[in-house]
Amino acid sequence: MTAREQGVDDDGGEEEMTAIIEEDWSKHLGQQSMNSRFSHYDKTTIPLSITSDEEDDKVNNPLVLEICCMNSLTPMDMMDLSYGYCDATGNRVWMGALLFIECMVRPLKKKTATAKSNNHDNNDLIKMKALEKLRNILFCNKGVLELGAGTGVSSLSVAMAGTRDENIHVSQITLTDNDPNVLSLCKVNCEVNLQDSISYEVINLEWGNERIASKMNPQDTVIATDVIYDIQAVKLLFQTASHILKDGGYFVLSHVPRASVDNAHDYSTKEVLENFIIEEAARHSLFTISKNLELESKEKCKCYDDDSSISPDLLGMLSQDGCAIRPNDLKGIWGDGGKIMSSEQYSYDEMDSVGASIMIFVMNKSISE
């Protein structure tokens, strides 16, 4: 607010001045309960099907995810944040979740044989078929658990899309977080979107709590999207995933570099962080696909000889470096100029520029690095 004051100018005359007085909102804090629910939530719709695609036989019934989340903060929310009463992290839809949807959920073209009419070259067709097989191995008739689920958007996208795509038709999803209020929000989103279409469970799980994790049903696939904000959390993340996964199961990490590490080598920060993640995963018997094959070959144990495993050749069809699937690896598959389906906020180029990637690890307790 402003207030008028009388002052004296340089010539001795009176001058009217405007003083800026900051409004005191602190009195309102005592009226609010000490919980981490925000005063306002937005409703965001995330498309899971491309309605403009003539090949989509459900064009008149598009698949849409309706998510209750935080898109912006009110002044009172910002005050609560500054006092440590609220944490917006689990209440928003982050880039990592959108990349996960693009890679693992976005519908693939059906008539792949008509490559020229769809402006697909052979390389993009190969990628499309490889991505279809990858999704099938990770999700088809599998139990899927999400760590740090937040709003639940990643798990919900797989569950909903699986009702139309048999390659990602999961048997059950389990959504976990350690914030009770975030879990309440997640439950709301599950009720709105899933109804009775698929079996799901929302539970409290603190990373690193081996007692609770060891009591959970072993999972085929564990996912986590955009969850590494603190470098200290990486160890707990993989420790928890290793306790939950079946031997031979997969951990899918949709990663956006946010945590920092000491750069003691001649690498960019993104590369150092990625290497740190891979090294920490290996300490918990979670290996990249190529590293797993290398170690199995040394120990002369099982190699990739069936359709139920992700081979380095399969991942190599999707990834330029064979380590992770990056946004620009996906860019040409849909032939739409690099636009993403799930949001107008980002493009593949923007996601790629910040170092976002999909990293896939396999649980293998029979080998040691």
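1. Description of the overall build of the protein
Item 1. Helix and strand counts for the protein stand at 12 helices and 12 strands.
Item 2. Taken over 369 residues, the protein has a buried fraction of 49%.
Item 3. Counted over contacts in the protein with a minimum sequence separation of 6, partners at least 24 positions apart contribute 75%.
Item 4. With an accessible surface of roughly 18400 Å², the protein has 46% of that area assigned to carbon and sulfur atoms.

2. What about the environment of valine 188?
Item 1. When you line up the elements, valine 188 lands in helix α5 (residues 180-193).
Item 2. Given a relative accessible area of 36%, valine 188 falls into the partly exposed group.

3. Details of the nonpolar core
Item 1. Within the largest apolar cluster, 62 residues are counted, with the highest numbers of intra-cluster contacts made by Met104, Phe139 and Ile360.
Item 2. When residues of this core are assigned to their parent elements, the largest contribution, 8 residues, is made by helix α2 (residues 95-104).
Item 3. If sequence neighbours within four positions are ignored, isoleucine 360 has contacts with Met104, Leu134, Leu138, Tyr250, Phe251, Phe287, Thr288, Ile289, Ile310, Leu315 and Ile325.
Item 4. Among the nonpolar cores identified, the runner-up in size contains 29 residues, and Ile228, Leu253, Leu273 and Phe361 belong to it.

4. Here we look at the environment of arginine 135
Item 1. Residue position: arginine 135 is located in helix α3 (residues 122-139).
Item 2. You can call arginine 135 buried: its relative accessible area is 1%.
Item 3. Arginine 135 sits 23 residues away from valine 158 along the chain, and the two C-alpha atoms are 10.0 Å apart.
Item 4. Setting aside its immediate chain neighbours within four residues, arginine 135 contacts Glu102, Cys103, Met104, Val105, Arg106, Leu108, Cys140, Asp165, Asn167, Ile168 and Trp334.

5. Describing the pairing of strand β6 (residues 172-177)
Item 1. Taking burial as the measure, the 6 residues of β6 include 5 buried ones, the bulk of the element.
Item 2. The pairing of strand β5 (residues 143-146) with β6 spans 4 bridges and is classified as parallel. Across the sheet, glycine 143 pairs through a bridge with glutamine 172, a residue of β6.
Item 3. Handedness of the crossover joining β5 and β6 through helix α4 (residues 153-161) is recorded here as right-handed.
Item 4. As judged from the 6 bridges shared by β6 and strand β7 (residues 199-204), these two strands associate in the parallel manner. By the bridge assignment, glutamine 172 is partnered in β7 with serine 199.

6. Some thoughts on the environment of cysteine 69
Item 1. Topologically, cysteine 69 is positioned in strand β4 (residues 64-69).
Item 2. Put simply, cysteine 69 and glycine 152 are 83 residues apart on the chain and 10.0 Å apart in space, counted from C-alpha to C-alpha.
Item 3. The contact partners of cysteine 69, leaving out residues within four places of it in the chain, are Tyr41, Asp42, Thr44, Asn91, Arg92, Val93 and Thr151.

7. A short note on the packing of aromatic side chains
The description of an aromatic ring pair uses the distance of the two centres, along with the angle that the planes make with each other.
Item 1. Tallying each qualifying case throughout the model produces 5 aromatic pairs.
Item 2. Ring geometry for tryptophan 94 versus tyrosine 229: centroids 5.9 Å apart, planes at 65 degrees, classification edge-to-face. Here tryptophan 94 is found in the loop between α1 (75-82) and α2, whereas its partner tyrosine 229 is found in the loop between β8 (219-225) and α7 (233-244), with 135 residues between them in sequence.
Item 3. On the accessibility criterion, tryptophan 94 (22% relative accessible area) is partly exposed.
Item 4. An aromatic cluster is present here, built from Phe238, Phe251 and Phe361 joined pairwise through their rings.
Item 5. Above the face of the tryptophan 94 ring, arginine 92 is positioned so that its terminal group lies 4.9 Å from the ring centre.

Rules and cut-offs
The numbers attached to residues start from 1 for each chain and follow its sequence in the written order. In view of the model being predicted, local features appear only for residues whose pLDDT reaches at least 70, and side-chain atom pairs are presented and counted only at 80 or more, with totals across whole chains, interfaces and linings using the full set of residues. With hydrogens and water excluded, all non-hydrogen atoms of the structure serve as input to the side-chain values. Helix numbering and strand numbering both begin at the N terminus, where a helix is a DSSP run of H or I of at least 4 residues and a strand a DSSP run of E of at least 2. Type-normalised accessible area, obtained with a 1.4 Å probe on protein chains alone, sets the label of each residue: buried when under 20%, exposed when over 50%, and partly exposed for intermediate values. Contact between two residues is taken to exist if any of their heavy atoms lie within 4.5 Å; hydrogens are not considered. For accessible areas, the Shrake-Rupley method is used with a probe of radius 1.4 Å. Any residue's cover is judged against the shown protein chains and nothing else. Residues belong to a common nonpolar core when they are buried Ala, Val, Leu, Ile, Met, Phe, Trp, Tyr or Cys residues joined through side-chain atoms within 4.5 Å. When DSSP finds two or more bridges between two strands, those strands count as paired. Here, the term right-handed applies to a crossover whose path from the first strand over the helix to the second runs clockwise when the strands point away from the viewer. Geometry of aromatic contacts follows a simple scheme: Phe, Tyr and Trp rings, the Trp one being its six-membered ring, pair when their centres are within 6.5 Å, and the pair is stacked under 30 degrees between planes, edge-to-face over 60, tilted otherwise. Look at NZ for Lys and CZ for Arg. If either is within 6 Å of the ring centre and within 35 degrees of the ring normal, a charge sits over the ring.

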